[in-house]
Amino acid sequence: MDLLTIGVLAIIALATLIYLYFKKRFSYWENRGVVHLKPSFPLGNLSLKQPHFTEFMIDIYKYKGGTPLVGIYFVTKPIVIPIELDLIQNILVKDFSSFHARGMYVNEVDDPLSAHMFSLDGEKWKSIRTKLSPTFTSGKMKYMFLTVVAVAERFLETLGDSVKLESQLEVTDLLGRFTTDVIGSCTFGIECNSLKDPNSEFRQYGKKASSEPPMPLIMHMLVLLYPDLARKLHLRALRKDVTDFFLDTVRSTVNYLKENNIQRNDFMDLLIQINNNPNEADKISLEEMAAQAFLFFIAGFETSSSVMTFCLYELSLNQDIQEKAREEITQVLIDHDGKLTYEGMQQMTYLEKIVNETLRKYPSLPFLIRSTVRDYAMPDSNLVIEKG
Ligand code: HEM
């Protein structure tokens, strides 16, 4: 056999192997008799042309009433999309012990910032979540509200300056700068100044972290499909410059607060208290602190600013609703001596409905992810949702 023939045979053999591999993987749902979307080679039900995730979900919800779940493929990985409320409740609440993971990629060694609550699974998640729960009390929210109002006043100044100069403004960007400054103050206790300076470091790194992935899409899929291999290859979950920036910021803030014995009753303060805990098991390291602070920043600024953007958009389309909201706000302010207070905010119930409706129509995070930590036998069914 000459070299050319060997080459051709090798290509045919490889192509056959790939074909058989995908054929086997893509028959997972069919073999189990589960209603599923037909996958295509090589991305399964992912599509680079997908207009928006909600359109994909509309396709899935066509099956509602006929089946408790729909099977899909994330590349070759089978995924369950539950569409029956009882099953959803079992997964999120009743049988949470089988679903307390999100299956995100964490690489604590090469990328300590990736080990935050949103990505951690199981005992690690539970441990950090328990230590940080005191952050989410209404008392803490009330305290932080003063900071939010202070930043809101700066927002008004910036808005006023902008409309003096231009008849149009990019509201998404302005709101992103507002939420960056709010979270910078509430979480890091740092004046990010992005309202005054659109190119402030926090804004730049926030944008990089949320919209500039550390690797091409194909590598990203490898990371999600084969996380153990990805860790062995030292693949990062975040860009190095982003990690360095947030780690340095937290390190210098903590050092400054400790050296000057400053107590501010904010998020960073709480983290320092946990860090100082004499009991090793109840402590968190500086890297763990930085990861949680980073999460608050990333989880908070884009989600909140996009809801506000869509809310303003809807209000501009629905002038009657806008008028009613304006009347409510004006009345509450009159009742509270012209000041925006935490108690006053609680009374803006119509505004709250508007925000909730905006979140329903334009969810910032349109799906919840859970990964099975053990095989899960579905109630009233022969189907087992396998581990992972
Ligand atoms: C409109 C704004 C927001 C939306 C729509 C939103 C949505 C979500 C969703 C869907 C999850 C996943 C929940 C789950 O898997 O069960 C989540 C988790 C989380 N969010 Fe938000 N979020 C918003 C704002 C914020 C803000 C402002 C912060 C903090 C400053 C924040 C911090 C977190 C944290 C720490 C987690 C992980 C919680 C855990 O693992 O226990 N989020 N968020």
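Quick caveat: nothing in here was measured; it's all calculated off a predicted structure. (Residues numbered from 1 in each chain as written. Predicted model: local features only at pLDDT ≥ 70, side-chain atom pairs only at ≥ 80, totals over all residues. Heavy atoms only, no water.)

**Concerning the nonpolar core**
If you look at the biggest cluster of nonpolar residues, it comprises 37 residues, and the most contacted ones within it are F188, F246 and M268. Among the secondary structure elements, those contributing two or more residues to this core are α5 (122-132), α7 (171-188), α8 (201-211), α11 (240-259), α12 (267-275) and α13 (286-317). With nine residues, α13 is the largest single contributor of residues to this core. Ignoring sequence-local partners within four residues, the contact set of F188 consists of I183, F202, F246, T249, V250, T253, R264, M268, A293, F294 and F297. (Core = buried A, V, L, I, M, F, W, Y, C linked by side-chain atoms within 4.5 Å. Buried < 20%, exposed > 50% of the residue type's maximum accessible area, 1.4 Å probe, protein only. Helix = DSSP H or I, 4+ residues; strand = E, 2+ residues; numbered from the N terminus. Contact = heavy atoms within 4.5 Å.)

**What about the pattern of salt bridges?**
Tallied over the full model, the rule gives 17 salt bridges. Between D248 and R251 there is a salt bridge, with its nearest N and O atoms 3.4 Å apart. In this pair, D248 and R251 are both assigned in helix α11, three residues apart and thus about one turn of the helix distant. On the basis of relative accessibility, which here comes to 44%, the residue D248 falls in the partly exposed class. Overall, R251 belongs to the partly exposed group, its relative accessible area being 33%. With a shortest N-O distance of 2.9 Å, E357 and R360 are connected by a salt bridge. In this pair, E357 and R360 both sit in helix α16 (residues 349-361), three residues apart, roughly one turn of the helix. Assessed through its relative accessible area of 57%, R360 is described here as exposed. Bridged by salt links that share partners, the residues D173, R177 and R203 form one connected network. (Salt bridge = Lys/Arg side-chain N within 4 Å of Asp/Glu carboxyl O.)

**Notes on the UniProt feature "transmembrane region" (unreviewed entry) in the chain**
When the UniProt feature table is mapped to this numbering, "transmembrane region" (unreviewed entry) covers residues 6-22. Between the C-alpha atoms that bound residues 6-22 the distance is 24 Å, and the span itself is 100% helix and 0% strand. (UniProt positions renumbered as here; feature names shortened; annotations may be inferred.)

**Focus: the domain arrangement of the chain**
When its domains are assigned, the chain resolves into domain 1 (3-104 + 372-385) and domain 2 (128-317). At the interface, seven residues of domain 1 touch five residues of domain 2. Here domain 1 meets domain 2 over a buried area of about 540 Å², counting both sides, of which 78% is carbon and sulfur. Linking domain 1 with domain 2 are zero salt bridges. For the pair domain 1 and domain 2, the interface holds one residue pair in polar contact (both at pLDDT 80 or more). Looking at the side of domain 1 that touches domain 2 residue by residue, the class counts come to six nonpolar, no polar and one charged. (Domains from an automatic or database assignment. Buried area = accessible area lost by both parts, 1.4 Å probe. Polar contact = N/O pair within 3.5 Å; in protein donor to acceptor, adjacent residues only side chain to side chain. Nonpolar A, V, L, I, M, F, W, Y, C, P; charged D, E, K, R; others polar.)

**Re the packing of aromatic side chains**
If you walk through the whole model with that rule in mind, you get 22 aromatic pairs. Summarising the aromatic geometry, the rings of F202 and F297 are spaced 5.4 Å apart at their centres and angled 65 degrees between planes, so their arrangement reads as edge-to-face. With a gap of 95 residues between them, F202 in helix α8 and F297 in helix α13 connect regions that are remote in the sequence. According to the relative accessible area criterion, F202 is buried, its value standing at 6%. What makes F297 buried here is its relative accessible area of 0%. Site record: aromatic cluster; members linked through ring pairs are F188, F202, Y205, F245, F246, F294, F297 and F301. Above the ring of F118, the side-chain terminus of R102 is found at 4.6 Å from the ring centroid. (Phe/Tyr/Trp six-rings, centres within 6.5 Å; stacked < 30°, edge-to-face > 60°. Lys NZ or Arg CZ within 6 Å of the ring centre and 35° of its normal.)

**Focus: the site of the ligand**
Not every one of the 17 residues close to the ligand is listed here, only the nearest: R102, W125, R129, G300 and R370. Here an oxygen atom of the ligand and a backbone polar atom of M117 are 3.5 Å apart. One of the side-chain nitrogen or oxygen atoms of R370 is found 2.6 Å away from an oxygen atom of the ligand. Of all the elements in the fold, those that place two or more residues in the shell around the ligand are α5 and α13. Of the residues assigned to the shell around the ligand, the class counts are 10 nonpolar, four polar and three charged. (Near = heavy atom within 4 Å.)

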